[in-house]
Structures are given as C-alpha cells and as structure tokens.
Amino acid sequence: MKKTKTFLLIILLCLPSLSFGESSVFALVPRSIGEHHYPYSVAALGRGGFSMAVVDSVSLNQMNYALWTHVPRTTFTLNVGYQGLESKTTGTKIGSVDGSFLGGFLAIPVIKKKMSVGFGIQPKSVNNQGFILKDAGVGARAVQTIKSKGTLSEVQLVAAYSPIPDFSLGFFAYYILGKIQDNTRIDYLDLSYSDISVSNEYHFYGKGPSFGVSGFLRLTPRLTIGARAKLPTVITVYTQQESITAQKTVKEYQDVTFPLNLTVGLAWQPFERFVIGGDVDFIQWK
C-alpha cells in the first residue's frame, strides 16, 4: 500500500509538465484567458454535469471539496479527455485536435468520514484554436493563419471537515499559473509584398496564494445543497510581443485581479435512481 501511494504521488507531481489542456471558443479575443473550465467528478458528468450538491463515492469531487469527507479511503482521481473539431466554409477552415488534461487530485482521509486532506492541479481555463483565412490580404491576395494555444492552471491544497454527519466544510488554498500564446501570420501570394508574422506570449504568475471555502448540507434524506466561494486573487501578467517582420519586441508587466467566484447547487432525489439538480456559477468579470 505504501508503494502504491508513493507511485501515485510521483504521477501527480509529474502531471503539470507532461500534460496540457486545450479547446476554446473564446481563444482569439485579445488578452483572453480562454474558456473557463468547470471541473466535474465522474459521477457528476453521468448526471448531466451538476456536482455541488451530489455525493460521489467513486471519485473526488473537484468543485465542492467539502464532499471529500465522504471518501472512504485514500483516493486518486485523474480526469482527461480527447476531442476533435473541424469546420469548413468558403475560404475559411477551423480545425482543432485536442488532448485535454482536466485535473488530478489525491485525497487522504485523516479521520474516516470526518476529516480529509489532499492536493492537486486543474485547469482554470483552456485555450486552443486555429483559423486559416484565404484571400485575406489588403491590396494583394494572401493567406492568413491565426493560432492560439495555452492553459491557466490552479494548484490546490485542500482540507475537509465534517462536524456532524449531514454537514461538512471544505477549506482550500489555490495558486494560479500558466502561459497562453497566439500567433498571426500573413503569407502574400504576390512576391512583391513582405510576409507578416507576429507572436504574442502571455505568462501568468500568482502574486501569492488565495483562499476559498465550500460547504455541503443534507437538508432531508432526499434534498441536498452545496456552495462554494473563491476569494479574489491578484496575478501578474507578463506580455511579450514579437514582430519578426519589423524585428521589434515589446515587453509589458501588469497586474490582473481574478474576481470573487460564487457557486451554489441543489440536488433532489425523489426516487432511488432518479436525481434532479443543477449548479449556478457566478463570476463578476470587468
């Protein structure tokens, strides 16, 4: 058992450098962090996606850490996915083939059904998209290629405690880091024009850890409620823009605040094998 735990710890520590998360519909918005990632447990996905108020005995719930007190033994959960996208219209082609790392967590019960601790990493946003635009030049025919790729991730430290059987709390500290890169290239079919190539890199570093709390309450044997609050956190964004054509590099540092994030969920189980529920997630972006 000790060797198994050591092996799982090694895998978890290697995940950030060996994996990547991709796919976004917002990737090409200037300074965008991509599509916000909502982590769900395996059982929650099977129920349609909601997870704040659903007890999952199969894997770790990555939305509501208060539910980790229900984990009966040391548990490691790895969430990965693979998807492909291709779309063609007149003069335009959009393509994406993505292998996505969606989170890895380890939880260790300190007191069975009472207290658990753990840690892990999960994407905060995922981002990968490409466009090819034909005949997009000004003054001459050209092919324009736009690509955006990168991931913001959260490293999490978690503790969960249940003072009474029907009520539990989760406490967590998180730190944001990551890199997003976009490239634009215009290739002119007329050789009298110079091709254009511009590359932007955005590096994100948390100025320090931030904190959050979550809760779970069983109101009745068939009705449960869950909630989570993530406090704002400040990160430093380092931007580097390079124009190969103009042989010019622009560097910039700025601080960005990720605002308060509130989530609440409800689950009702009128019959043994039938559950109705949902989550509401709120972030006040400016």
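The rules behind the values
- Residues numbered from 1 in each chain as written.
- Predicted model: local features only at pLDDT ≥ 70, side-chain atom pairs only at ≥ 80, totals over all residues.
- Heavy atoms only, no water.
- Helix = DSSP H or I, 4+ residues; strand = E, 2+ residues; numbered from the N terminus.
- Buried < 20%, exposed > 50% of the residue type's maximum accessible area, 1.4 Å probe, protein only.
- Contact = heavy atoms within 4.5 Å.
- Areas by Shrake-Rupley, 256 points an atom, 1.4 Å probe, with all protein chains shown as cover.
- Phe/Tyr/Trp six-rings, centres within 6.5 Å; stacked < 30°, edge-to-face > 60°.
- Lys NZ or Arg CZ within 6 Å of the ring centre and 35° of its normal.
- Polar contact = N/O pair within 3.5 Å; in protein donor to acceptor, adjacent residues only side chain to side chain.
- Salt bridge = Lys/Arg side-chain N within 4 Å of Asp/Glu carboxyl O.

Engineer: How would you summarise the overall build of the protein chain if you had to cite specific residues and measurements?
Structural biologist: The number of helices and strands found in the protein chain is 2 helices and 13 strands. Within the protein chain, the proportion of its 286 residues that are buried is 42%. For the protein chain, the proportion of contacts with a sequence separation of at least 24, taken over those separated by at least 6, is 62%. Approximately 15,700 Å² of the protein chain is accessible, and the part contributed by carbon and sulfur atoms is 62%.

Engineer: Account for the packing of aromatic side chains, naming residues and giving values.
Structural biologist: We describe a pair of aromatic rings using the distance from one ring centre to the other and the angle between the two ring planes. Counted by the stated rule, this structure contains 7 aromatic pairs. Ring geometry for Y65 versus F172: centroids 5.1 Å apart, planes at 70 degrees, classification edge-to-face. On the criterion of sequence distance, the pair formed by Y65 in the loop between α2 (42-46) and β2 (75-89) and F172 in strand β6 (residues 167-188) is long-range, its members being 107 residues apart. In terms of burial, Y65 and F172 fall into one category: buried. Aromatic pair F172 and Y174: ring centres 6.3 Å apart, planes at 40 degrees, arrangement tilted. What makes F172 buried here is its relative accessible area of 3%. Seen from the ring of Y174, K230 lies directly overhead, with NZ or CZ sitting 4.6 Å from the centre.

Engineer: Can you lay out the side chain of S116 for me, pointing to particular residues and giving the numbers?
Structural biologist: Here S116 is to be found in strand β4 (residues 115-134). By relative accessible area, which is 2% here, S116 ends up buried. Polar contacts involving the side chain of S116 include one to the main-chain carbonyl oxygen of W68, which spans 3.2 Å. If we skip the residues at most four places from it in the chain, S116 touches W68, T69, I108, P109, V110, V158, A159 and A160.

Engineer: How would you sum up the environment of L231? Please name residues and give values.
Structural biologist: Assignment of secondary structure puts L231 in the loop between β9 (223-230) and β10 (233-243). Note: C-alpha distance between L231 and S210 (21 residues apart in sequence) is 6.5 Å. With near-sequence residues (within four places) excluded, L231 lies in contact with Y174, S210, F211 and L260.

Engineer: Lay out the pattern of salt bridges with the relevant residues and their values.
Structural biologist: Under the counting rule described, the total for this entry stands at 7 salt bridges. Between R218 and D166 there is a salt bridge, with its nearest N and O atoms 3.9 Å apart. Here R218, found in strand β8 (residues 210-220), pairs with D166, found in the loop between β5 (142-164) and β6; they are 52 residues apart in sequence, far enough to count as distant. Residue classification places R218 among the partly exposed positions, given a relative accessible area of 28%.

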